[in-house]
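An overview of the molecular structure
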Amino acid sequence: MHLKDYYGAIADYTKAIKIDPKDADAYFGRGIVKGKLKNYEGAIADYTKAIEIDPKAADAYCNRGNDKAFLKDYYGAIADYTKAIKIDPKYIDAYYNRGNDKRKLGDYNSAIVDYNKAIEIDPKYMKAYISRGLSKDKLKDYYGAIADYTKALEIDPNNVLVYSNLGGVKNELKDYYGAIADYTKAIEIDPKDADAYFGRGLAKYRLIDDNGACKDGLIAQKLGHSLALEFINAACN
C-alpha cells in the first residue's frame, strides 16, 4: 500500500467513526493503518477505543501490545498480551509476542514458557523455535539452543539467521569447525551477511587461521559490521 493509500484509509475509517462512533472495527482498522505509519501513540489510542466498545476484542489487545512494544513499553505490552490470552487461550501470536518482550526484559525462563506454549499450539511455528533458542543461548543452555535452531531449519532449511545463530552457539562451545560450516552456509544463502563473515572470521582466528580470519574480517568491515575494524587490527597484523 502506498503512503497516499494509508492516509486515504485513515480518512475513510474516520468518516465511518463519525457515522457510527461505536464502530469498534473502524477504530481497530484505523489503528492498524496508524501503526503502519509508525504513529504508535495514535494507534494505541484507537485500539483503546475499540477495547472500550468491545472489551473482548483480543486482536485489539494484541495489536495494542505490539505498538506499546515499538515504544519500548514492554511491561504495558506484556499486560495487553496477557489480556488477549485470557480472552483467547489459543492466541499463538500473543504468546509469542509476550515471550519476545519478556526476553527483551531479560526474563528468559518466563519467555521460554511462552514459546513452549506457542509451539504446543502449532509445532510448525518456526519463529518460536528461533526465539526459544535465543533465550536458551542467553541462559548458556547451548545444546538446547542448538536443538531449537535445528528444529527451525527442519521447517525452513534456508533461514540465514538460524545458520548464523548456530555458528554463534558453536563458537561459544569452541566447536570452531562446526561454527565455520554454519557461517559458510549462511553466507551461501546471503553473501551480504556481515554477521556471518564476522563470526566465521572469529572462528578461524581461534583456529589460528589468521589469513582466513583477516579475509573474513575485511569483508565484514566492507559490509558495515561495527566490530570488524577492531577485529581486523588483531587478525591482519
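Reading the values: rules and limits
- Residues numbered from 1 in each chain as written.
- Predicted model: local features only at pLDDT ≥ 70, side-chain atom pairs only at ≥ 80, totals over all residues.
- Heavy atoms only, no water.
- Helix = DSSP H or I, 4+ residues; strand = E, 2+ residues; numbered from the N terminus.
- Polar contact = N/O pair within 3.5 Å; in protein donor to acceptor, adjacent residues only side chain to side chain.
- Contact = heavy atoms within 4.5 Å.
- Salt bridge = Lys/Arg side-chain N within 4 Å of Asp/Glu carboxyl O.
- Buried < 20%, exposed > 50% of the residue type's maximum accessible area, 1.4 Å probe, protein only.
- Disulfide = S-S within 2.5 Å.
- Phe/Tyr/Trp six-rings, centres within 6.5 Å; stacked < 30°, edge-to-face > 60°.
- Expected span 1.5 Å × (residues − 1).
- 1 Å grid on protein atoms, 1.4 Å probe; cavity = no way out; pocket = protein on both sides within 12 Å on 5 of 7 lines; lining within 4 Å.
- Points joined across faces, edges and corners; volume = space filled by probe spheres on them.
- Nonpolar A, V, L, I, M, F, W, Y, C, P; charged D, E, K, R; others polar.

1. Remarks on the side chain of Asn171
Take Asn171: it is sitting in helix 10 (residues 160-172). Here the side chain of Asn171 touches Gly199 through a polar contact of 3.4 Å, landing on its backbone oxygen. Not counting residues up to four positions away in its chain, the partners in contact with Asn171 are Tyr176, Ala179, Tyr183, Gly199, Leu202, Ala203 and Arg206.

2. Examining the pattern of salt bridges
Counted according to the given criterion, the structure contains 15 salt bridges. With a shortest N-O distance of 3.6 Å, Glu52 and Lys49 are connected by a salt bridge. Residue Glu52 and its partner Lys49 are located together in helix 3 (residues 40-53), separated by three residues, close to a single helical turn. Judged by its relative accessible area of 53%, Glu52 falls in the exposed class. Measuring nitrogen to oxygen at the nearest pair gives 3.1 Å for the salt bridge that ties Lys136 to Asp148. With Lys136 in helix 8 (residues 126-138) and Asp148 in helix 9 (residues 142-155), this residue pair connects regions lying 12 residues apart in the sequence.

3. Structural notes on the state of the cysteines
Scanning the entire structure with this criterion turns up one disulfide. The partner cysteine of Cys214 in its disulfide is Cys236, sulfur to sulfur 2.0 Å. Between Cys214 and Cys236, the S-S torsion sits near 110°, and that sign places the bridge as right-handed. With a gap of 22 residues between them, Cys214 in helix 13 (residues 210-222) and Cys236 in the segment after helix 14 (228-235) connect regions that are remote in the sequence.

4. Quick word on unusual backbone geometry
Positive phi, normally seen in glycine, also occurs at Lys174, with a value near 65°. You can see Lys174 is positioned in the loop between helix 10 and helix 11 (176-189). We note that Ile208 has phi near 60°; this positive angle belongs to a residue other than glycine. Note on placement: Ile208 falls in the loop between helix 12 (194-206) and helix 13.

5. Topic: the packing of aromatic side chains
Aromatic ring pairs are defined here through the distance separating the ring centres and the angle between the ring planes. Within this structure, the stated rule accounts for six aromatic pairs. Seen from their ring centres, Tyr40 and Phe70 are 4.7 Å apart, and the 15° between their planes marks the pair as stacked. With Tyr40 in helix 3 and Phe70 in helix 4 (residues 58-70), this pair connects stretches of sequence that are 30 residues apart. Pairing Tyr96 with Tyr125 gives two aromatic rings, centres 5.5 Å apart and planes at 80°, and the pair type is edge-to-face. Placement of Tyr96 in helix 6 (residues 92-104) and of Tyr125 in the loop between helix 7 (108-121) and helix 8 is noted, with a sequence separation of 29 residues between them. No difference in accessibility class separates Tyr96 from Tyr125, as the two residues are buried. Ring pairing ties together the aromatic residues Tyr96, Tyr115 and Tyr125, which thus form one cluster.

6. Some points on the environment of Glu230
By the secondary structure assignment, Glu230 is in helix 14. Along the backbone, Glu230 and Gly217 are 13 residues apart, and their C-alpha atoms lie at a distance of 9.3 Å.

7. A short note on helix 6
Helix length check: helix 6, at 13 residues, gives a terminal C-alpha distance of 19 Å against a target of 18 Å (1.5 Å per residue), a fit within 8%. Most of helix 6 is tucked away: 10 of the 13 residues are buried. Where helix 6 is concerned, the buried positions are Ile92, Ala94, Tyr95, Tyr96, Asn97, Arg98, Gly99, Asn100, Asp101 and Lys102. On its buried side, helix 6 packs onto helix 4, helix 5 (74-87), helix 7 and helix 8.

8. Examining the layout of surface pockets
By volume, the largest pocket is sized at about 300 Å³. Lining the largest pocket are 15 residues, and of these Ser164, Gly168, Tyr183, Asp195 and Gly199 sit closest to its centre. Put simply, the parts of the chain that give the lining of the largest pocket at least two residues each are helix 10 and helix 12. No other element matches helix 10, which puts seven residues into the lining of the largest pocket. Tallied by class, residues from the lining of the largest pocket come to five nonpolar, six polar and four charged. The computed volume of the second largest pocket comes to approximately 180 Å³. Every residue along the wall of the second largest pocket is listed here: Arg103, Tyr108, Leu134, Asp137, Lys138, Lys140, Asn165, Gly168 and Val169. Among the elements of the structure, helix 8 and helix 10 are those that each provide at least two residues to the lining of the second largest pocket.

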